Structures are given as C-alpha cells and as structure tokens.
Amino acid sequence: MAEITRHNTDGRIARGERTREAIIAAHAALLREGVLKPTGKLIAERAGISVRTLWLNFKDLEALMAASVTFWLESDAALRRPVDSSLPLERRITEFVEQRVEQLEHLAP
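Being a predicted model, the structure only gives us computed values, none of them experimental.

## Remarks on the overall build of the chain
Helix and strand counts for the chain come out as five helices and zero strands. Taken from the N to the C terminus, the helices and strands of the chain come in the order α-α-α-α-α. Relative to its full complement of 109 residues, the chain shows a buried share of 22%. Pairs at least 24 residues apart make up 46% of the contacts formed inside the chain by residues separated by at least 6 positions. Accessible area for the chain stands at about 8100 Å²; split by element, carbon and sulfur atoms hold 58% of it.

Pasting the structure below:
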C-alpha cells in the first residue's frame, strides 16, 4: 500500500483524527455502560470536547452509530485467529470457544 503524504505539517489532521477517535470511544463506552441512547451533550462531555465539535465531526447520531459499529467490527476482526484444522476436533472446539468468549466479552457491557 502506498504511503499517504500529508502536506499539513501543523498537526490539524492528526488532531482531527484524535478527536474523532475520542468521540467514537466515548460513544462506545457509554453504550457498553448501558446508556443505550446517549445524548450529544453526554457524548461530548465524555470525549472532553464541545457539543459543537461533536456535530462538526458527525452530522447526526446515526452517523456516529455507523462509525461506532465500524469500530466494533474492526476490533472484533482483530480478535479473530485461525484455528488450525490439523488439530484434534476437541482442541479445535476449545480454541474456537475460547476465541468466541473473548469476542463476546469484548462486545458486551
């Protein structure tokens, strides 16, 4: 993959990416804590940003939810490991179940 050349040397792009990541992390944390319909104000407070910054990064809560789902899917994919098909059946089942437990615990509140 080709390296992306950034022409913005003052850090605004990196700061913007960190802000988006903080918003998504705050949203995901609130959902994991059982706050199933967090308000923009609550998400912004948790992320340490203003409500205006939240809405500058995401046009609405649906866009934020889509970004959070993408975050979770990528996190889940990172936890997947192939189970060696040459192992005995009992060991393959054990490895699969252990991996699945880890994925579900990662997802669950």
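There is more to say, and it comes next.
## Here we look at the side chain of T19
Within the fold, T19 resides in helix α1 (residues 12–32). On the basis of relative accessible area, T19 is assigned to the buried category, the value being 18%.

## Some details on the environment of T94
For T94, the location among the structural elements is in helix α5 (residues 89–107). Measuring from C-alpha to C-alpha, the distance between T94 and V83 comes to 9.7 Å, with 11 residues separating the pair along the chain. Of note is the side chain of T94, whose polar atom sits 2.9 Å from the backbone oxygen of E90.

## A short note on the confidence of the model for the chain
Across the chain, pLDDT averages 87, with 90% of residues at or above 70. Confidence, read as mean pLDDT per element, is least for helix α4 (residues 61–79) in the chain (89) and greatest for helix α2 (residues 40–47) (96). Within the model, the stretch residues 1–6 combines pLDDT values under 50 with two contacts to residues more than four positions away or in other chains.

## Looking at the side chain of Q103
The topology assignment puts Q103 in helix α5. In this structure Q103 comes out as buried when scored by relative accessible area, which is 7%. A polar side-chain atom of Q103 sits 3.4 Å from a polar atom in the side chain of D76. Apart from the residues lying within four places of it in its own chain, the contact partners of Q103 are D76, L79 and R80.

## Comments concerning the packing of α4 against α5
Taken N-terminus to C-terminus, the directions of α4 and α5 make an angle of 155°; their axes are 10 Å apart at the nearest point. With respect to each other, α4 and α5 are oriented roughly antiparallel. Like other packed secondary-structure pairs, α4 and α5 cross with a definite hand, here right-handed. Of the residues in α5, those touching α4 at W72, S75, D76 and L79 are Q99, E102, Q103, H106 and L107. In terms of residue class, the contact of α4 with α5 is made up of three nonpolar, four polar and two charged.

## Description of the pattern of salt bridges
One pass over the full model with this rule turns up four salt bridges. Residue R46 is joined to E33 by a salt bridge in which the shortest nitrogen-to-oxygen separation is 2.9 Å. Of the two residues, R46 is situated in helix α2 and E33 in the loop between α1 and α2; the sequence distance between them amounts to 13 residues. Note that R91 is salt-bridged to E95, the shortest N-O span being 3.3 Å. Here E95 and R91 lie together in helix α5, a separation of four residues that amounts to about one turn. According to the relative accessible area criterion, R91 is partly exposed, its value standing at 36%. On the basis of relative accessibility, which here comes to 22%, the residue E95 falls in the partly exposed class.

Calculation rules
Residues numbered from 1 in each chain as written. Predicted model: local features only at pLDDT ≥ 70, side-chain atom pairs only at ≥ 80, totals over all residues. Heavy atoms only, no water. Helix = DSSP H or I, 4+ residues; strand = E, 2+ residues; numbered from the N terminus. Buried < 20%, exposed > 50% of the residue type's maximum accessible area, 1.4 Å probe, protein only. Contact = heavy atoms within 4.5 Å. Areas by Shrake-Rupley, 256 points an atom, 1.4 Å probe, with all protein chains shown as cover. Polar contact = N/O pair within 3.5 Å; in protein donor to acceptor, adjacent residues only side chain to side chain. pLDDT = per-residue confidence, 0-100. Axes fitted to C-alpha atoms, helices over the stretch in contact; angles between N-to-C directions. Parallel < 35°, antiparallel > 145°, perpendicular 65-115°, else oblique. Left-handed = near helix turned anticlockwise from the far one by under 90°. Nonpolar A, V, L, I, M, F, W, Y, C, P; charged D, E, K, R; others polar. Salt bridge = Lys/Arg side-chain N within 4 Å of Asp/Glu carboxyl O.

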